[in-house]
Amino acid sequence: MHVTVVGSGYVGTTLAASLADLGHTVTAIDIDEEVVETLNAGAAPIHEPGLEELIAEHAGDRLSATTDYAAIPDSDLTFLAVQTPSTPDGSLDPTALAAATEMAGAALAADVDEPVADGDGTTPTDPVPHPVVVKSTVTPPALATLRGALADGVGGDGSSAGPAIAELATNPEFLREGTAVSDFRDPDKLVFGTDSASALDRLEELYAPLVAETDVPVVRTDPETAMMIKYANNAFLAAKISLVNDLGNACKEFGLDAYEVMDAIGLDDRISERFLRSGVGWGGSCFPKDVDALRAASRTAGYDPALLNAAVEVNDRQPERLLELLDAHVDVANERVAVLGLAFKPGTDDVRNSRAIPVIEGLRERGADVVGYDPVATETMRERFPDLEYAADAAAALADAAAAIVVTDWDEFATLDAEFDAMADPVVIDGRRIVERREGLTYEGLTW
Ligand code: UGA
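Summary of the structure given here. (Residues numbered from 1 in each chain as written. Predicted model: local features only at pLDDT ≥ 70, side-chain atom pairs only at ≥ 80, totals over all residues. Heavy atoms only, no water.)

Our focus in this paragraph is the site of the ligand. Close to the ligand lie 20 residues; Leu175, Glu177, Lys230, Asn234 and Cys286 are nearest. Here leucine 175 contributes a backbone N or O atom positioned 2.6 Å from an oxygen atom of the ligand. A distance of 3.2 Å is found between an oxygen atom of the ligand and a side-chain nitrogen or oxygen belonging to arginine 432. For the ligand, the accessible surface in isolation is 720 Å², of which the surrounding protein chains cover 91%. (Near = heavy atom within 4 Å. Polar contact = N/O pair within 3.5 Å; in protein donor to acceptor, adjacent residues only side chain to side chain. Areas by Shrake-Rupley, 256 points an atom, 1.4 Å probe, with all protein chains shown as cover.)

Okay, here's the thing in structure tokens:
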């Protein structure tokens, strides 16, 4: 099939490259010319393992990029993977996504108006409405806004030009940053949210090679329910981690190891062993934003979700608890403190909502001289904290430091031995259980 993907951020770029790899012809559309040039040159605009290789293999062949929405009518289906920023109260701002939706509709309408070579100039080039499939995560009530934008784009109510030109569908994604490329190839489910048999058929056809390869279960439902599945999925996982952190904090107060407790409860397959790692909490572009957007949309609809509110509260408290453990060992005023790990999780340079941000802020409030180190996220964190000192490696961060705080579970932190030993009086406060407790280290684990 020929697919257009509007938006070349984390989700859009992974989707475009992965669909090309699945055998489809993909046109990526982005308003940023630099991103378009990068993609056409066969490079990745973001850091995601395996993505650069896919783009290098397919660029110039099955994968191309443009800034022009006129590419849409030539395709069988369009994905919208445009950013959806949050407003200060946590609710979703669909303005950019609605604008892209409207432009997609307008591009489809413009094509219908063009005379076809041997036709009468009014025949739609496509016998069925073009599915405009929302990949971005938007709350179910916000889909009405996008349907309106699509109708505005095609001109009027979307049904005046004979057969409808376009229709909205949803296909939420469940990829994790850092493993997005392999997750695409091995998903645990596909969710198709459509209002018509024709849109569903196109999504089925698009994913047929993947279904044949993996036998992945397909959930077929309406667009709103599909998006609620996405929110429920992320909210459940975020709340699971917060519950584990709540229990973990209690374990710490009781002098117990939360990991020993969680390893045991994970044996109950109703609980599952996954996402039971307690520590400094969840960050990233998804859990915080999606939980906040769901809470805000629920409140607007008349329901205040108590458990989700508590999940956020527990998450917000974890960085401060980490710092309180440090306070118990060192007065960090005017002392150098190394923050190990700046990315919100390993395998990515993304620092959005990274727990490192409140940790750095808390250290600075205490008057500490903070030095940060991350194997890949230094440049992205520099945008957030331009005046912070960044070390080239862990050894440099730890040299002369009075203490180290571990915020991201990068594998390389598990083997820091000589580097800790080189500290005058090594104090390690671990927020991810990546450093081993041992002789010669003053070591504190957040929940163990
Ligand atoms: C998450 C979901 O896992 C994906 O399914 C979803 O598609 C994605 O959000 C999204 O909505 O786009 P992601 O944010 O990439 O993926 O990262 P996760 O691996 O889920 O980790 C999220 C945060 O939870 C990280 O800060 C991680 O350190 C933390 N975490 C995770 C824990 O603290 N404990 C755990 O046991 C697991």
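From this point, things continue past the structure.
With that settled, consider the packing of helix H8 (residues 223-254) against helix H9 (residues 258-265). Axis separation between H8 and H9 bottoms out at 9 Å; the angle between their running directions is 135°. Comparing their axes, H9 and H8 come out oblique. Our pair here, H8 against H9, has a crossing hand that is right-handed. On H9, the residues touching Val244, Leu247, Gly248 and Cys251 of H8 are Ala258, Val261 and Met262. Residue composition of the contact of H8 with H9, by class: 6 nonpolar, 1 polar and no charged. (Axes fitted to C-alpha atoms, helices over the stretch in contact; angles between N-to-C directions. Helix = DSSP H or I, 4+ residues; strand = E, 2+ residues; numbered from the N terminus. Parallel < 35°, antiparallel > 145°, perpendicular 65-115°, else oblique. Left-handed = near helix turned anticlockwise from the far one by under 90°. Contact = heavy atoms within 4.5 Å. Nonpolar A, V, L, I, M, F, W, Y, C, P; charged D, E, K, R; others polar.)

This brings us to the packing of aromatic side chains. Scanning the model with the defined rule gives 5 aromatic pairs in all. With a centroid separation of 6.4 Å and 80° between ring planes, the pair formed by tryptophan 282 and phenylalanine 287 is classed as edge-to-face. For phenylalanine 287, a relative accessible area of 13% corresponds to the buried category. Taking the ring centre of phenylalanine 174 as reference, the NZ or CZ of lysine 189 above it sits at 4.2 Å. (Phe/Tyr/Trp six-rings, centres within 6.5 Å; stacked < 30°, edge-to-face > 60°. Buried < 20%, exposed > 50% of the residue type's maximum accessible area, 1.4 Å probe, protein only. Lys NZ or Arg CZ within 6 Å of the ring centre and 35° of its normal.)

Now for the nonpolar core. Counting 54 residues, the largest nonpolar core has Leu326, Leu340, Ile360, Leu363, Met381, Ile405 and Phe420 as the members making the most contacts within it. Put simply, the parts of the chain that give this core at least two residues each are helix H11 (306-327), strand S9 (336-340), helix H12 (356-365), strand S10 (369-373), helix H14 (394-398), strand S12 (403-406) and strand S13 (427-430). Among the elements that make up this core, the one with the highest residue count is H12 (5 residues). Those residues within four positions of phenylalanine 420 in sequence are excluded, and the remaining contacts are Leu340, Leu398, Ala404, Pro426, Val428, Val435, Arg438 and Leu441. Formed by 41 residues, the second largest nonpolar core is a distinct cluster that contains Val82, Ala238, Val291 and Val312. (Core = buried A, V, L, I, M, F, W, Y, C linked by side-chain atoms within 4.5 Å.)

Of the residues making up H9, those classed as buried are Ala258, Tyr259 and Met262. The arc that holds the buried residues of H9, viewed along the axis, is 90°, so those residues lie on one side. Counted as exposed and oriented over 90 degrees from the buried face of H9: Glu260 and Asp263. Packing partners of the buried residues in H9 comprise H8. Measuring from the side-chain oxygen of the N-cap residue of H9 to the backbone nitrogen of tyrosine 259 gives 2.8 Å; that N-cap residue is aspartate 257. (Arc of directions from axis to C-beta.)

A few words on the side chain of threonine 78. Note that threonine 78 resides in strand S4 (residues 77-80). Contacts of threonine 78, omitting those with residues within four sequence positions, involve Thr4, Val6, Ile72, His130, Pro131, Val132 and Val133.

Here we come to the sheet that holds S12. Taken together, the 6 strands give an open sheet; going across it, the order is S11-S10-S9-S12-S13-S14, and neighbouring strands pair in parallel fashion. Edge positions in the open sheet fall to strand S11 (389-390) and strand S14 (442-445), since each of these has one partner strand only. Direction of pairing for S12 relative to S13: parallel, over a ladder of 3 bridges. In the sheet register, isoleucine 405 faces S13, and the bridge partner there is isoleucine 429. Packing against the sheet, H11 makes contact with S9, S12, S13 and S14, and its axis sits at approximately 160° to S12. (Pairing = 2+ DSSP bridges.)

Right, let's talk about the pairing of strand S7 (residues 190-193) for a bit. Going residue by residue along S7, you find Leu190 and Phe192 tucked away on one face and Val191 and Gly193 tucked away on the opposite face as well. In the sheet, S7 pairs with strand S8 (residues 218-221) via 4 bridges, with the strands oriented parallel. Residue valine 191 lies in a different strand from S8, and its bridge partner there is valine 219. At this point the chain moves from S7, through helix H7 (residues 197-214), to the parallel S8, and the crossover so formed is right-handed. (Right-handed = clockwise from strand over helix to strand, strands pointing away.)

The next point concerns the environment of arginine 364. With respect to the helices and strands, the residue arginine 364 is situated in helix H12. The spacing of arginine 364 and valine 337 is 27 residues in sequence and 9.8 Å in space, taken between C-alpha atoms. Here arginine 364 is in contact with Val370, Phe385, Asp387 and Leu388, once residues within four sequence places are set aside.

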